[in-house]
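# Fold and contact review
This is what each chain is made of:
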Amino acid sequence: MNPMPMPTETRRIATGAAGRDVALVAPRPHLGMPFQRDEDSPTAPDKEPRGIKMVIDSLTAGYGSHAVLRNVSLPVIERTVTAVIGPSGCGKSTLVRCLNRMHEIIPNACVSGRVLLDGRDIYGGHLDPIELRRRVGMVFQKPNPFPTMTVRDNVLAGWRLTGTRPPNADGVVEDALRRAALWDEVKDRLKAPGASLSGGQAQRLCIARALAVRPDVLLMDEPCSALDPIATARIEELIHELASSVTIVIVTHNMQQAARVSENTAFLYMGELIEFGATAGLFTRPSDPRTEDYITGRFG
Amino acid sequence: MQARPNTSGADTAFHATLVLAGLGVVTVLAGVAWELLSLSGEALSKGGIGFITGMTWDPVAEEFGALPALYGTLVTSALALLIAVPLGIGSAVFMSEIASSRVATVVGVLVDLLAAIPSVIYGLWGLFVLAPLLREHVQPGVQKLFGELPLFAGPPLGVGYGTAGLLLAIMVIPVITAVSREVLRAVPDTQREAAYALGATPFEVIRGTVFPYARSGLVGAVVLGLGRALGETMAVTMVIGNRYDISASLFAPGYTLAAVIANEFTEAFSPHYLSALAGLGVVLLGTTLILNAAARLLVRGVRHGGAG
């Protein structure tokens, strides 16, 4: 592996076109290469080196001629949690939906710019969206288990939908449910319908369903917004555990949640990336006045 | 909760109105069933089980058997569903899952228009356009290819079970399409997204997520279509051929329960004859109720059975 990459300080992303390229340190041709390590970084990991899993490069997305997201660039570090925060309508959901090409299933959607997964552009044509979505899984705002499938079949839905079966299905089910911290609660009712679980359990079932196909990246679009505080705490704990094996990008409108679970945070405002950096830095020493206004609760 | 005296009177009246409306439906159904049963009492008690299994319909000799008409009703309805279910659900899937909203709206309006055409118009079209077309061009060709099969035996008359079934299918398609479309639209987008996010193709999303979620509603759409096919009278009477017999051939003329009642009601010269026609009505009502109940049991079966 190359030098330890890590965005080392809160970098201000200039919103004007001129400032964009400098903002991300690495110039355009080197995007996708690991970031240079900043020696006096206080947050640099001292364990194993972690590369860059995804790079979002000058991403603009929207519907028809209306851009929801303008010129967003940021890296996603492997096996960490990256939080995307910002007020309602700022483009958070659109951003993560561009990472597994779910944005384009909505009629009239448009995307430009690049999104690199392991250095290769997911919009470049070498990877079809079907294959991509198996490598970049997703958990949604509202728990959406398949109500007519059993708990077990929900976990296996990645195969069932395509009419196939994984080798050692029982093992896959148990492993995915254990990773989603749901196994002990449902192991005796794997045959119960997916609709029979409580909200928090249903959301963990959806996480298990996404994990079962062994994705590299897990996108979570406000996964706790429909849950009570206890269920939320469980999911946050789970996100923490999962981060050792999966790269997680989580959208949240809850700043405390971003501070609790993430290592890096991106602040979006009105479709533009205002600030991106280590979570601790962004929350304690925001460099943009709009970030400061938002995290201190002056708007949003 | 504090009572609000101002509105309690209105609430009571509202509540009473709704209860009356609900009771009204039950009363009408019970009244129809009672009238039919009392009117048909004579024929049913004289004929016994033979009224249902009898092959002869002879008003002069006062011998009445409903089987050929029951057979005609079941065969034409089954044929209609065989054609209309795939086409109707298919076009509903097209409108809710594939077409752009503008195209879906246009197609939807046209489908609703189809459902609004009076059945006598369908009957005229069937008699003057569809039947000659089948007689001149389709039936001879089919017989050339499959003439050996009893299913296509007999002279190509243009009218008969097959023509009636086809015409019924055309009449039933808009019913099935319109209901299925609403059922499919009611499937939440979050379900589709969940499947797409797991790497399913559009086809797999529809087959694995949308259909299972909507299945009880889709069965309901088919049951509504079946109800229309079983009870359709005018159009079928015009193209069924009106021969009181049972034939395995789709090209043969036949009769249906509703068509016999419509054709002969004005000629019923004796109380026994009238009672026999009412008896056909009982058989038709019974068939509809039994098939409806069977469909409901089927829906409940799949709901409890899960996907496994």
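Residues numbered from 1 in each chain as written. Chains lettered and ligands numbered in written order. Predicted model: local features only at pLDDT ≥ 70, side-chain atom pairs only at ≥ 80, totals over all residues.

Quick look at the overall build of chain A now. Scanning chain A from terminus to terminus reveals twelve helices and eleven strands. Buried positions account for 49% of the 300 residues belonging to chain A. A fraction of 69% describes how many contacts in chain A between residues 6 or more apart in sequence connect residues 24 or more apart. (Helix = DSSP H or I, 4+ residues; strand = E, 2+ residues; numbered from the N terminus. Buried ≥ 20, exposed ≤ 12 C-beta atoms within 10 Å, placed from the backbone. Contact = placed C-beta atoms within 7 Å.)

Glancing now at the confidence of the model for chain B. Residues and elements named next belong to chain B. In the predicted model, chain B carries a mean pLDDT of 91, and 95% of its residues have values of at least 70. Ranking the helices and strands of chain B by mean pLDDT puts helix α3 (residues 67-98) first, with 96, and helix α11 (residues 271-305) last, with 86. Model confidence for the complex: the whole-complex pTM is 0.81, and ipTM, which rates the interface, is 0.81. (pLDDT = per-residue confidence, 0-100.)

What follows concerns the interface of chain B and chain A. Each partner contributes residues to the interface: chain B has 20 residues there, and chain A has 27 residues. Those elements giving two or more residues to the side of chain B that touches chain A turn out to be α7 (189-197) and α8 (202-231) of chain B. Top contributing element to the side of chain B that touches chain A by residue count: α7 of chain B, with seven residues. In terms of residue class, the side of chain B that touches chain A is built from nine nonpolar, nine polar and two charged. (Nonpolar A, V, L, I, M, F, W, Y, C, P; charged D, E, K, R; others polar.)

All names here are of chain A. The four strands lie next to each other as β3-β2-β5-β6, forming an open sheet whose pairing is antiparallel. The open sheet has two free edges, formed respectively by β3 (66-77) and β6 (120-121), since each of these has just one partner strand. Across two bridges, strand β5 (residues 109-117) lies against β6 in antiparallel orientation. Bridged to L117 within β6 is R120. (Pairing = 2+ DSSP bridges.)

Here the focus is the pairing of strand β4 (residues 81-85) of chain A. As a general feature of sheets, a regular strand has side chains that alternate between the two faces. Residue and element names in this part refer to chain A. Where burial is concerned, most of β4 is hidden: five out of the five residues are buried. What you see with β4 is no split at all: V81, A83 and I85 on one side and T82 and V84 on the other are buried throughout. Here four bridges tie β4 to strand β9 (residues 247-251), and the two strands are oriented parallel to one another. Across the sheet, T82 pairs through a bridge with V249, a residue of β9. Inspection of the sheet shows β4 paired to strand β10 (residues 264-269) by four bridges, in the parallel sense. Across the sheet, T82 pairs through a bridge with N264, a residue of β10.

Let us now look at the packing of α3 of chain B against α8 of chain B. Relative placement of two packed helices is described by the angle separating their axes and the distance separating the axes. Residues and elements named next belong to chain B. At their nearest, the axes of α3 and α8 sit 9 Å apart, and the two run at 140 degrees to each other. When the axis of α3 is compared with that of α8, the two are oblique. Between α3 and α8 lies a crossing of right-handed hand. Two secondary-structure elements touch here, α3 through T73, S77, A80, L81, A84, V85, G88, I89, V93 and E97 and α8 through I206, V210, L218, V222, G225, L226, A229 and L230. (Axes fitted to C-alpha atoms, helices over the stretch in contact; angles between N-to-C directions. Parallel < 35°, antiparallel > 145°, perpendicular 65-115°, else oblique. Left-handed = near helix turned anticlockwise from the far one by under 90°.)

The next subject is the packing of helix α4 (residues 101-116) of chain B against helix α6 (residues 161-185) of chain B. Residue and element names in this part refer to chain B. Their axes nearest at 8 Å, the elements α4 and α6 cross at an angle of 135 degrees. Looking at the two axes, α4 sits oblique to α6. Like other packed secondary-structure pairs, α4 and α6 cross with a definite hand, here left-handed. Facing G108, V111, D112, L114 and A115 of α4, the residues of α6 in contact are P174, V175, T177, A178 and R181.

Attention shifts here to the environment of L280 of chain B. Residues and elements named next belong to chain B. Along the chain, L280 falls in helix α11. L280 sits 23 residues away from L257 along the chain, and the two C-alpha atoms are 6.0 Å apart. Aside from chain neighbours lying at most four places away, what touches L280 is A66, A69, L257, V260 and I261.

Okay, the environment of A294 of chain B next. Residues and elements named next belong to chain B. Relative to the helices and strands, A294 is located in helix α11. Judged by the 11 C-beta atoms lying within 10 Å of it, A294 falls in the exposed class. Residues A294 and V223, spaced 71 residues apart in sequence, show a C-alpha to C-alpha distance of 9.8 Å.

With that out of the way, let us pick up helix α8 (residues 199-212) of chain A. All names here are of chain A. With 14 residues, α8 ought to run about 20 Å at 1.5 Å a step, and its terminal C-alpha atoms sit 20 Å apart, in line with that. The element α8 is largely enclosed, with a buried count of twelve among its 14 residues. Residues of α8 that are buried: G200, A202, Q203, R204, L205, C206, I207, A208, R209, A210, L211 and A212. Contact partners of the buried residues in α8: β7 (136-139), α4 (151-155), α5 (157-160), α6 (169-179), β8 (217-221) and α9 (229-242). Phi for R214, located one or two positions after α8, is positive at around 55 degrees. (Expected span 1.5 Å × (residues − 1).)

Turning next to the nonpolar core. In this structure, A208 of chain A together with V172 and I176 of chain B are the most contacted members of the largest nonpolar core, which totals 161 residues. Sort the elements by how many residues they give to this core and α6 of chain B lands first, with 15 residues. Here I176 of chain B is in contact with A84, V85, G88, I89, A221, V222 and G225 of chain B, once residues within four sequence places are set aside. (Core = buried A, V, L, I, M, F, W, Y, C linked by C-beta atoms within 7 Å.)

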